[in-house]
Amino acid sequence: MAEIRAHGVSKSFGPIAALQDLDLTVEDGSFVVLLGPTGAGKTTTLRLIAGLEQPDRGTVSIGGQDATALPPAARDVAFVFQQYSLYPHWTVFDNLAFPLRSPARRVPEDAIRRRVQEVAELLHIAPKLQNKATRLSGGEMQRVAIGRALVRQPSAYLMDEPLSSLDAKLRAELRLELKRIQQDLGATMLYVTHDQIEAMTMATHIGVLKEGRLVQFGTPRQIYENPVDSYVATRLGTPRINLLPVDAVHVRAPSGTAMVGARTEHIKLIERPVNGTTVGLVQRLEHLGDQSHLHMQVADNKIVILVDGHSPLKQGDPLGIELVQPLFFDADGRRVKGG
Amino acid sequence: MAEIRIEELHKAFGDFTAVKRSNLTVGNGEFFAMLGPSGCGKTTTLRMIAGLELPTSGRILLDGEDVTFRRARERDIAFVFQLFALYPHMTVRQNIAFPLKCQGMAAAEQRRRAADTARLLQIDHLLDQSVSRLSGGDRQRVALGRAIVREPKAFLMDEPLGALDAEFRHLMCQELRALHDRVGATTVYVTHDQLEAMAMADKIAVMNQGLVEQYGTPQDIYDRPASMFVADFIGSPPMNFLRFNGAVAPGATSVRLNGCALAVPVLDEARAESELALGVRPEHIEFSDAAALRGRVFGSEYLGTTQIVTVETNHGRVKARVPSDLAVRTGETVGLSFRTPRLSLFDAASGRALRMRAAAGAFNG
């Protein structure tokens, strides 16, 4: 496995700057997730590292070697796409063996058999090796697609939303499996998603992208607990962080604060508010099964808090809101510390 | 608006049975969700209600009137599909008004109704734009507008949000529900996403292999799953099952797992010695040194506000949702305590839940 490094990388498509001056290091054996909405530059980053795009400026290195000018085939990285493209008329075995049978590699047939068997066991699809690819469920097909990347033992894996076409149950299952496989192999992984749960549960580090710029890079906990700005703060957390104008709440804020960011765990509800407490009115309780979201109106603002699904609150009930160590942001959304 | 009733509805394709003798009533103005994995029969049921598929046997009643063999267009129902097909060369206004134009409605009336509908969907500022320039969400709204503008008796929706990403889906859920509250039309909504069903529906039918496994309010289905299938389908992560052998009698208030007694809600059913499964949701588990049931921490997943901790016990792996500021080390031994009123008990062979005496109303949060 190998370290991947992008240094000062920029890429434009016509007038659109897809990536601007990106510095990113994916350490050997780490699992880095790039998170951001559509158009933030996640997939472009992946494609630049794979060699499917050429940067306008900057360098890409893989395992300490400058790879900027290398064609994709010479980069020794494996790419898993969102849409699995298997050879439908082939068996699972032949699909998995395909990358090893490339004329450029010349792997002996018994070594291929051994390697395919290993990978199939890792992915729990060994009993299906002789099935036709079309006779598999969606989850199994995606596992075969991932398996095809794993058989080669490349320097790094690049994955572009590999789970997004699967249903929720399967996604949860494969999330755990992918993480386990990555740890077992000690693989270097760069993974793109807009699903915050995937990012939080799998990543050793998350890179948050916004309009082609890397705005923060850190462990899931650092990104969640210590965001650099309000944009990053809204990327993680369900329900989403509540952003309130500082004059809408009673809280001791450091100077320069324009917005207070209160996650559900920063909010203490008080049943009988006294003078000097921020008061909100209950709007509705939204049951989402394992979570219940309490929607409240605080002056002209709406906030959402996690509560017990059986709470007896009714529409119009007033509740006191006490903020415990919330986050503070200035008028430009940058984090303000101290206070 | 209308009540939809299906009676003994059955549909077979060759020797495959898609829907097995189902009975359901969707109340007037209700938002009703049919939830289940792919192949459970939910879309087939919806298509039969729409008239796009004829049942093998059984009846469909719309407002008390038998419409089982009526053509789709004679049913006064609007169908919203997963992939919204808009006419790309037309404006938003033309797209929304299209069904009215087909009905031969006067142009002035078409304009008025299209404008009203657009206002309802908060896209009135886009009326004269071409739909090809709209964002995904606005296209979805136009597609909805085309269904609403006819003012049909009922809406049928087949995974209309399936193609959207998670964050946007939740936003659209809130919007759809708010729209339902304004329009008040009877809605049947098909989805495999439990969050969508939970967030929007008044009533949910959970389907499995052509059968309705459970029918009830979202909170009922979450609190009192009728089967292990439902318990496993709802909730993320799903309910944990601790399997054990035992016998229970009506009035029992505890079960014995491997020698340790665990309190359960008062049982109302008997089972001779057999394999049972104690069902506990991850969010109803706490770590407590005093608890009799113990296990070894296998790993944890950080989720911000909470973390999911997987614990190996003698009865299998158990996932607990606990606050993320609780320090948990892999390999350490923890005691697991459960919130008794929220536990379920299942017959492991049939998967059915054992009846409990505690009424849902007796809970307090």
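Small disclaimer: the values here were computed from a predicted structure and weren't measured. (Residues numbered from 1 in each chain as written. Chains lettered and ligands numbered in written order. Predicted model: local features only at pLDDT ≥ 70, side-chain atom pairs only at ≥ 80, totals over all residues.)

## A closer look at the domain arrangement of chain A
All names here are of chain A.
Right, on to step 1. What the domain assignment lists for chain A is domain 1 (4-235) and domain 2 (242-336).
Right, on to step 2. Here the C-alpha centroids of domain 1 and domain 2 sit 38 Å apart.
Right, on to step 3. The interface of domain 1 with domain 2 comprises six residues on the first partner and eight residues on the second.
Right, on to step 4. Of the residues contributing to the side of domain 1 that touches domain 2, the split by class is four nonpolar, one polar and one charged. (Domains from an automatic or database assignment. Contact = placed C-beta atoms within 7 Å. Nonpolar A, V, L, I, M, F, W, Y, C, P; charged D, E, K, R; others polar.)

## Describing the sheet that holds strand β19 (residues 333-338) of chain B
Residues and elements named next belong to chain B.
Right, on to step 1. Read across the sheet, five strands follow the order β15-β19-β16-β17-β18 without closing on themselves; strand pairing throughout is antiparallel. In this open sheet, the two edge strands, each paired with only one partner strand, are β15 (285-287) and β18 (316-323). If you compare each strand with its neighbour and ignore which way they point, the axes differ by 45° on average. (Pairing = 2+ DSSP bridges. Helix = DSSP H or I, 4+ residues; strand = E, 2+ residues; numbered from the N terminus. Axes fitted to C-alpha atoms, helices over the stretch in contact; angles between N-to-C directions.)

## Focus: the sheet that holds strand β13 (residues 267-270) of chain A
Residue and element names in this part refer to chain A.
Right, on to step 1. Pairing is antiparallel across the open sheet formed by five strands, whose spatial order is β13-β17-β14-β15-β16. What marks the edges here is a single partner per strand, and that holds for β13 and β16 (301-307). Pairs of neighbouring strands in the sheet enclose a mean axial angle of 45°, with direction left out of account.
Right, on to step 2. Where β13 meets strand β17 (residues 318-323), four bridges bridge the pair, whose relative direction is antiparallel. Residue Leu-269 lies in a different strand from β17, and its bridge partner there is Ile-321.

## Considering the pairing of strand β11 (residues 242-245) of chain A
Residues and elements named next belong to chain A.
Right, on to step 1. Residues Asn-242 and Leu-244 of β11 are buried on one face, while the alternating residues Leu-243 and Pro-245, pointing to the opposite face, are not.
Right, on to step 2. As judged from the four bridges shared by β11 and strand β12 (residues 259-262), these two strands associate in the antiparallel manner. For Leu-243, the partnering residue across the bridge sits in β12 and is Gly-261. (Buried ≥ 20, exposed ≤ 12 C-beta atoms within 10 Å, placed from the backbone.)

## Here's the deal with the interface of chain A and chain B
Right, on to step 1. Each side of the interface is counted separately: chain A has 27 residues, and chain B has 25 residues.
Right, on to step 2. Elements with a contribution of two residues or more to the side of chain A that touches chain B: α5 (168-185), α6 (196-202), α7 (220-225) and β14 (278-287) of chain A.
Right, on to step 3. Taken together, the residues of the side of chain A that touches chain B break down into ten nonpolar, nine polar and eight charged.

## Concerning helix α3 (residues 109-122) of chain A
Residues and elements named next belong to chain A.
Right, on to step 1. An ideal rise of 1.5 Å per residue puts 20 Å on 14 residues; α3 measures up with 20 Å between its terminal C-alpha atoms.
Right, on to step 2. Residues of α3 that are buried: Val-116, Val-119 and Ala-120. What you see down the axis of α3 is that its buried residues fit within an arc of 100°, all on one side. Opposite the buried face of α3, at more than 90 degrees from it, the exposed residues are Asp-110, Ala-111, Arg-114 and Glu-121.
Right, on to step 3. On its buried side, α3 packs onto α2 (92-97) and α4 (138-150).
Right, on to step 4. Just downstream of α3, His-124 is the residue with a positive phi angle, here 60°. (Expected span 1.5 Å × (residues − 1). Arc of directions from axis to C-beta.)

## A closer look at the pairing of strand β3 (residues 31-35) of chain A
Residues and elements named next belong to chain A.
Right, on to step 1. Counting buried residues along β3, five of its five residues qualify, which places the element largely inside the surrounding structure.
Right, on to step 2. Direction of pairing for β3 relative to strand β8 (residues 189-193): parallel, over a ladder of five bridges. By the bridge assignment for β8, Leu-34 is matched with Val-192.
Right, on to step 3. Bridge count between β3 and strand β9 (residues 205-210): four bridges; the pairing is parallel. For Val-33, the partnering residue across the bridge sits in β9 and is Ile-206.

## Concerning the packing of helix α2 (residues 92-102) of chain B against helix α3 (residues 107-120) of chain B
All names here are of chain B.
Right, on to step 1. Relative to each other, α2 and α3 sit at 120°, their axes nearing to 9 Å. Regarding the angle of α2 to α3, the classification is oblique. Where α2 crosses over α3, the two elements pack in a sense that is right-handed. On α3, the residues touching Val-92, Arg-93, Ile-96, Ala-97, Leu-100 and Lys-101 of α2 are Gln-110, Arg-113, Ala-114, Thr-117 and Ala-118.
Right, on to step 2. Tallied by class, the residues present in the contact of α2 with α3 amount to six nonpolar, two polar and three charged. (Parallel < 35°, antiparallel > 145°, perpendicular 65-115°, else oblique. Left-handed = near helix turned anticlockwise from the far one by under 90°.)

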